Amino acid sequence: DFQMTQSPSTLSASVGDRVTITCRASQTISTWLAWYQQKPGKAPKLLIYAASDLESGVPSRFSGSGSGTEFTLTISSLQPDDFATYYCQQYNTYSWTFGQGTKVEVK
Amino acid sequence: EVQVVQSGAEVKKSGESLKISCKGFGYSFTSHWITWVRQMPGKGLEWMGRIDPEDSYTNYSPSFQGHVTMSVDKSINTAYLQWSSLKASDTAMYYCARLRFGVHKPCDIWGQGTMVTVSS
């Protein structure tokens, strides 16, 4: 079974900060990786797929990179609407495994 | 508008059965697999499994295999998640999501979630 490990679990930041979240896969997954944002009481929202492709309508301050086993989600300049929990997800073969989540909170 | 709409919240007792639904609107329902995701209170997202609405082929996460059953009725563009005997530990929010058609299959359209509460 695939394991996805995100770090950190919690991140304290201020508006305008550059924020980076890391996701590591237990096995190589090429670029079969997505990132989601979830706000309290809401369904997750797709941000990035294929490791670095920005979903339509998602602000360009969000970017993704990586391949194989190491991936990052970067928010170039954190905005008030970005305080949320972020999840990575691999979709290699016929399983879709999530990381445990990273909560971005107000510093 | 492309969307998936889930059935409403449920309150059940341990041992009871339950079937919740997920209906697709605004797209070709049989062209996109449907996946189910569990979120226990205050916890992260857990992938449960996926179903192909065209032929009802399923694959389940090992953590959920044998505990839930996924099905579809493509005549009404609806997918289902069911339990034959609920446990208190099944209390959670359950999301369905559409998987994108193509080589890369992220969850691109999400339902609003169905809250299931099971009392012991």
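Structure: above.
It should be emphasised that the depicted structure is a prediction, and the values quoted were computed from it without experimental measurement.

**Observations regarding the overall build of chain A**
Working step 1: When its secondary structure is counted, chain A shows zero helices and eleven strands.
Working step 2: When its helices and strands are written in sequence order, chain A yields β-β-β-β-β-β-β-β-β-β-β.
Working step 3: The globule rule puts the C-alpha radius of gyration for 107 residues at 13 Å, and the 13 Å found for chain A is close to it.
Working step 4: Summarising its shape, the C-alpha atoms of chain A cover approximately 35 × 25 × 25 Å along the three principal directions.

**Here's the deal with the overall build of chain B**
Working step 1: For chain B, the helix and strand inventory stands at zero helices and eleven strands.
Working step 2: Counting from the amino terminus, helix and strand elements in chain B follow one another as β-β-β-β-β-β-β-β-β-β-β.
Working step 3: Here chain B has a C-alpha radius of gyration of 14 Å; the compact-globule value for 120 residues is 14 Å, and the two agree.
Working step 4: The principal-axis extents of the C-alpha atoms in chain B amount to approximately 40 × 25 × 25 Å.
Working step 5: Counting only residues that meet the buried cut, chain B has 50% of its 120 residues in that class.
Working step 6: Residue pairs at least 24 apart in sequence account for 52% of intrachain contacts in chain B once pairs closer than 6 positions are excluded.
Working step 7: Counting every atom, chain B has about 5,500 Å² of accessible surface; 51% of that belongs to carbon and sulfur.

**Remarks on the layout of surface pockets**
The rolling of a water-molecule-sized probe over the atoms marks out the regions of remaining empty space.
Working step 1: Here the largest pocket is characterised by a volume of approximately 440 Å³.
Working step 2: Contributing to the lining of the largest pocket are 23 residues, with A:F2, A:T97, A:F98, B:W47 and B:S61 lying nearest its centre.
Working step 3: Mapped by element, the contributors of at least two residues to the lining of the largest pocket are β1 (4–7) and β10 (97–98) of chain A together with β5 (45–51) and β6 (58–60) of chain B.
Working step 4: Here the element with the most residues in the lining of the largest pocket is β5(B); it accounts for three residues.
Working step 5: Residues that form the lining of the largest pocket fall into these classes: ten nonpolar, eleven polar and two charged.
Working step 6: For the second largest pocket, the calculated volume is near 320 Å³.

**Points about the interface of chain B and chain A**
Accessible area lost upon the coming together of the parts serves often as the stated size of an interface.
Working step 1: Counting from both sides, the interface comprises 22 residues of chain B and, opposite them, 20 residues of chain A.
Working step 2: With both chains or domains summed, chain B and chain A bury close to 1,800 Å², and 64% of this area falls on carbon and sulfur atoms.
Working step 3: Sorting the residues of chain B by area buried against chain A places B:L45, B:W47 and B:H104 first, and these three jointly supply 33% of that buried surface.
Working step 4: The interface formed by chain B and chain A includes one salt bridge.
Working step 5: In this structure, A:E55 engages B:R100 in a salt bridge whose closest nitrogen and oxygen atoms are separated by 2.7 Å.
Working step 6: On the surface where chain B and chain A come into contact, there are eight residue pairs in polar contact (both at pLDDT 80 or more).
Working step 7: Looking at which element gives the most residues to the side of chain B that touches chain A, the answer is β5(B), with four residues.
Working step 8: When its residues are assigned to classes, the side of chain B that touches chain A shows eleven nonpolar, five polar and six charged.

**Examining the state of the cysteines**
Working step 1: Counted under the stated rule, the structure contains two disulfides over all chains.
Working step 2: With its sulfur 2.1 Å from that of its partner, A:C23 forms a disulfide with A:C88. Disulfide A:C23 to A:C88: torsion about the S-S bond roughly 65°, handedness right-handed. Residue A:C23 is located in strand β3 (residues 19–25), and its partner A:C88 is located in strand β9 (residues 85–90); the two are separated by 65 residues in the primary sequence. Just as A:C23 is buried, A:C88 falls in that class too.
Working step 3: With its sulfur 2.0 Å from that of its partner, B:C22 forms a disulfide with B:C96. Measuring handedness by torsion sign, the sulfur bridge of B:C22 and B:C96 sits at about 80° and is right-handed. Linking B:C22 in strand β3 (residues 18–25) with B:C96 in strand β9 (residues 92–99), this pair joins segments that are 74 residues apart in sequence. Judged on exposure class, the residue B:C22 and its partner B:C96 are both buried.

**A word on the sheet that holds strand β1 (residues 3–6) of chain B**
Residue and element names in this part refer to chain B.
Working step 1: Reading across from one edge, β1-β3-β8-β7 is the order of the four strands in this open sheet, with antiparallel pairing throughout. Every other strand in the sheet has two partners, leaving β1 and β7 (69–73) as the edge strands with one partner each. Recorded for the sheet is a direction-independent mean angle of 20° between the axes of neighbouring strands.
Working step 2: Bridge analysis of β7 against strand β8 (residues 78–83) gives five bridges, and the strand direction is antiparallel. Directly across from D73, in β8, lies its bridge partner T78.

**A short note on the pairing of β3(A)**
Residues and elements named next belong to chain A.
Working step 1: Buried residues dominate β3, accounting for five of its seven residues.
Working step 2: Inspection of the sheet shows β1 paired to β3 by four bridges, in the antiparallel sense. Opposite S7, over in β3, you have T22 as the bridge partner.

Procedures and definitions
Residues numbered from 1 in each chain as written. Chains lettered and ligands numbered in written order. Predicted model: local features only at pLDDT ≥ 70, side-chain atom pairs only at ≥ 80, totals over all residues. Heavy atoms only, no water. Helix = DSSP H or I, 4+ residues; strand = E, 2+ residues; numbered from the N terminus. Rg over C-alpha atoms; globule rule 2.2 N^0.38 Å. Buried < 20%, exposed > 50% of the residue type's maximum accessible area, 1.4 Å probe, protein only. Contact = heavy atoms within 4.5 Å. Areas by Shrake-Rupley, 256 points an atom, 1.4 Å probe, with all protein chains shown as cover. 1 Å grid on protein atoms, 1.4 Å probe; cavity = no way out; pocket = protein on both sides within 12 Å on 5 of 7 lines; lining within 4 Å. Points joined across faces, edges and corners; volume = space filled by probe spheres on them. Nonpolar A, V, L, I, M, F, W, Y, C, P; charged D, E, K, R; others polar. Buried area = accessible area lost by both parts, 1.4 Å probe. Salt bridge = Lys/Arg side-chain N within 4 Å of Asp/Glu carboxyl O. Polar contact = N/O pair within 3.5 Å; in protein donor to acceptor, adjacent residues only side chain to side chain. Disulfide = S-S within 2.5 Å. Pairing = 2+ DSSP bridges. Axes fitted to C-alpha atoms, helices over the stretch in contact; angles between N-to-C directions.

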